[in-house]
Amino acid sequence: MSHKFDVVVFGSCIVDFISYVPRLPRVGETLHGSRFVTGFGGKGANQCVAAARLGSRTAIVGKLGNDPWGKNYLNALQSEGVNVDCVDIVDGESTGIAQINVAENGDNQIVIVVGANNRLLAGDADQCKDLFNEARVLVCQLETPSVGTIEALKHFSGVSIMNAAPAMENISHDLLKLPTIFCVNESEAALITDMQVETVMQAKAALLKLRSMGCGIVIITLGEKGAIFQMKDSSKIKHVQPHHVDKVVDTTGAGDAFIGALAHFIARNPSAGLTECISAANRVAAISVQKTGTQTSFPRFIETGLPEDVSSYKSDWEYI
């Protein structure tokens, strides 16, 4: 079967208001920042743009407010080559916004007001069934209501990736068992499993608990420690080593760069193993943290130095 799209994203569109500060402020403290910029963000759109930058044919299902930010965002998505036929401008709702502080060491803190994103519901998944049928990979997150996300996962028959972020306690069983791949970082894994996840071996224990909770393939990303994963039909867990970075500039959006890249490599490299796709996605995320901003930090494929077919990419991994 031929597919019109490589990656379709069901998820959020949020405008970023980013302040660069010497360090993150303490409670009640006012700091002088050095710079302020606005950018386009939201996990859904970020992941979609990350895949589009690498060369995937992409589409997004989302909601924007009927305000200048919404119209600007729609234009920005189109300029990235993203199909926006299933993006609605919603009257009476603000476009989602995020207030982000970025410290000189790369740490960040984020407050989001999701606005129109709260209107992305089950009916939107029903209306976009044709779009789902034309895509190889579906990507979902938790910045929009889970009822819509669950419906989208039910409708999709290809490879689906559930990025359970932002973290959610008492996560729905459907969000665990419906996706092909369940992907979280350390803090999200810790919240969902109620376990400490700071070391690779603690992440392994959390991964096994996620499998026992009903997940199929599980990936836990560990930042500078790489990522671990387990296939649905395997008893072995692999630790994929990170791509080395000399200087971290800004970690905002690095997780989204990873997810978008993972979706791209899975969609465009059907002969590649998940180990190679994760390793290549690690490389894309590593490139993104060396530049400022969110979507502005996502590399084009030519910048990655990766082979066209990542099944030939030499990945560094070990069983744990």
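As shown above, the structure is provided for reference.
This one's a predicted model, so the numbers in the text were calculated from it and none came from an experiment. (Residues numbered from 1 in each chain as written. Predicted model: local features only at pLDDT ≥ 70, side-chain atom pairs only at ≥ 80, totals over all residues. Heavy atoms only, no water.)

Caption draft 1: Quick look at the overall build of the protein. Of regular secondary structure, the protein possesses eleven helices and 14 strands. Over its C-alpha trace the protein gives a radius of gyration of 18 Å, about what one expects of a compact globule, namely 20 Å for 320 residues. With the C-alpha coordinates aligned to their principal axes, the bounding extent of the protein is approximately 50 × 45 × 40 Å. Once local pairs closer than 6 in sequence are excluded, the contacts in the protein between residues at least 24 apart make up 66%. Surface accessibility of the protein: about 13,700 Å² in total, with carbon and sulfur atoms responsible for 49%. For the protein, the separation between the mean place of its 27 positive charges and that of its 34 negative charges on side chains is 4 Å. (Helix = DSSP H or I, 4+ residues; strand = E, 2+ residues; numbered from the N terminus. Rg over C-alpha atoms; globule rule 2.2 N^0.38 Å. Contact = heavy atoms within 4.5 Å. Areas by Shrake-Rupley, 256 points an atom, 1.4 Å probe, with all protein chains shown as cover. Lys, Arg positive; Asp, Glu negative; His and termini not counted. Charge placed at Lys NZ, Arg CZ, Asp CG, Glu CD.)

Caption draft 2: Focus on helix α1 (residues 43–53). Of all eleven residues that make up α1, eleven are buried, and the element is covered over most of its length. If you check which residues of α1 are buried, you get Lys43, Gly44, Ala45, Asn46, Gln47, Cys48, Val49, Ala50, Ala51, Ala52 and Arg53. Immediately downstream of α1, the backbone of Gly55 shows phi near 115 degrees, a positive value. (Buried < 20%, exposed > 50% of the residue type's maximum accessible area, 1.4 Å probe, protein only.)

Caption draft 3: The sheet that holds strand β7 (residues 108–113), seen in detail. Ordered in space as β3-β2-β6-β7, the four strands form an open sheet in which the pairing is mixed. If you trace the sheet from one side to the other, it starts and ends with β3 (35–41) and β7, each paired once. Shown here is a sheet whose adjacent strand axes are inclined to one another by a mean of 20 degrees, direction ignored. The strands that helix α2 (residues 68–79) touches are β2 (14–21) and β3; relative to β3, the one it contacts most, it runs at about 65 degrees. (Pairing = 2+ DSSP bridges. Axes fitted to C-alpha atoms, helices over the stretch in contact; angles between N-to-C directions.)

Caption draft 4: Spotlight on the sheet that holds strand β9 (residues 159–163). Strand order in the open sheet formed by ten strands is β5-β4-β1-β8-β9-β10-β11-β12-β13-β14, and the pairing between neighbours is mixed. Among the strands making up the open sheet, the edge pair consists of β5 (83–90) and β14 (317–319). Going from strand to strand, the sheet's axes swing by 20 degrees on average, the running direction of each strand aside. In terms of strand pairing, strand β4 (residues 58–65) meets β5 through six bridges, oriented parallel. Following the sheet pairing, Ala59 is matched in β5 by Asn83. Each of β4 and β5 is contacted by α2, which is oriented at about 175 degrees to β5, the strand it contacts most. Running over the sheet, helix α8 (residues 200–212) touches β10 (181–185), β11 (217–221), β12 (227–230) and β13 (238–240) and is turned about 30 degrees from β12.

Caption draft 5: Seen up close, the pattern of salt bridges. Counted under the stated rule, the structure contains 13 salt bridges. Here Asp6 makes a salt bridge to Arg136, at a shortest N to O gap of 3.7 Å. Of this pair, Asp6 sits in strand β1 (residues 5–10) while Arg136 sits in strand β8 (residues 135–140), placing them 130 residues apart in sequence. On the accessibility criterion, Asp6 (1% relative accessible area) is buried. One salt bridge in this structure joins Glu303 and Lys291, with 3.2 Å as the shortest N-O distance. Of this pair, Glu303 sits in helix α11 (residues 301–304) while Lys291 sits in the loop between α10 (274–288) and α11, and the two are twelve residues apart along the sequence. Put simply, Asp6, Arg57, Arg136 and Arg268 are held in one network by salt bridges that share partners. (Salt bridge = Lys/Arg side-chain N within 4 Å of Asp/Glu carboxyl O.)

Caption draft 6: Quick peek at the side chain of Gln230. As for its position among the elements, Gln230 is in strand β12. There is a polar contact of 3.0 Å between the side chain of Gln230 and the backbone oxygen of Ser234. Excluding its chain neighbours within four sequence positions, the residues that come into contact with Gln230 are Leu207, Leu208, Arg211, Gly216, Ile217, Val218, Ser235, Lys236 and Ile237. (Polar contact = N/O pair within 3.5 Å; in protein donor to acceptor, adjacent residues only side chain to side chain.)

Caption draft 7: Fine view of the packing of helix α9 (residues 254–268) against α10. Remark: α9 packs on α10, axes separated minimally by 8 Å, with the N-to-C direction vectors making an angle of 140 degrees. Both α9 and α10 take part in a crossing whose hand is right-handed. Contacts from Ala254, Ala257, Phe258, Ala261, Leu262, Phe265 and Ile266 of α9 reach α10 at Leu274, Cys277, Ile278, Ala280, Ala281, Asn282, Val284, Ala285 and Ser288. Taken together, the residues of the contact of α9 with α10 sort by class into 14 nonpolar, two polar and no charged. (Left-handed = near helix turned anticlockwise from the far one by under 90°. Nonpolar A, V, L, I, M, F, W, Y, C, P; charged D, E, K, R; others polar.)

Caption draft 8: Structural context of the packing of aromatic side chains. In this structure the tally under the stated criterion is six aromatic pairs. Both rings, one in Trp317 and one in Tyr319, keep their centres 4.9 Å apart while their planes meet at 80 degrees; by these two values the pair is edge-to-face. A residue is classified by how much of its surface remains accessible, and Tyr319, at 46% relative accessible area, is partly exposed. Here the aromatic cluster, defined as three or more aromatic residues joined through ring pairs, consists of Phe10, Phe132 and Phe156. Taking NZ or CZ as reference, Arg35 lies 4.4 Å from the ring centre of Tyr20, over its face. Geometry around Tyr319 places Lys236 over its ring, the cationic atom sitting 4.8 Å from the centre. (Phe/Tyr/Trp six-rings, centres within 6.5 Å; stacked < 30°, edge-to-face > 60°. Lys NZ or Arg CZ within 6 Å of the ring centre and 35° of its normal.)

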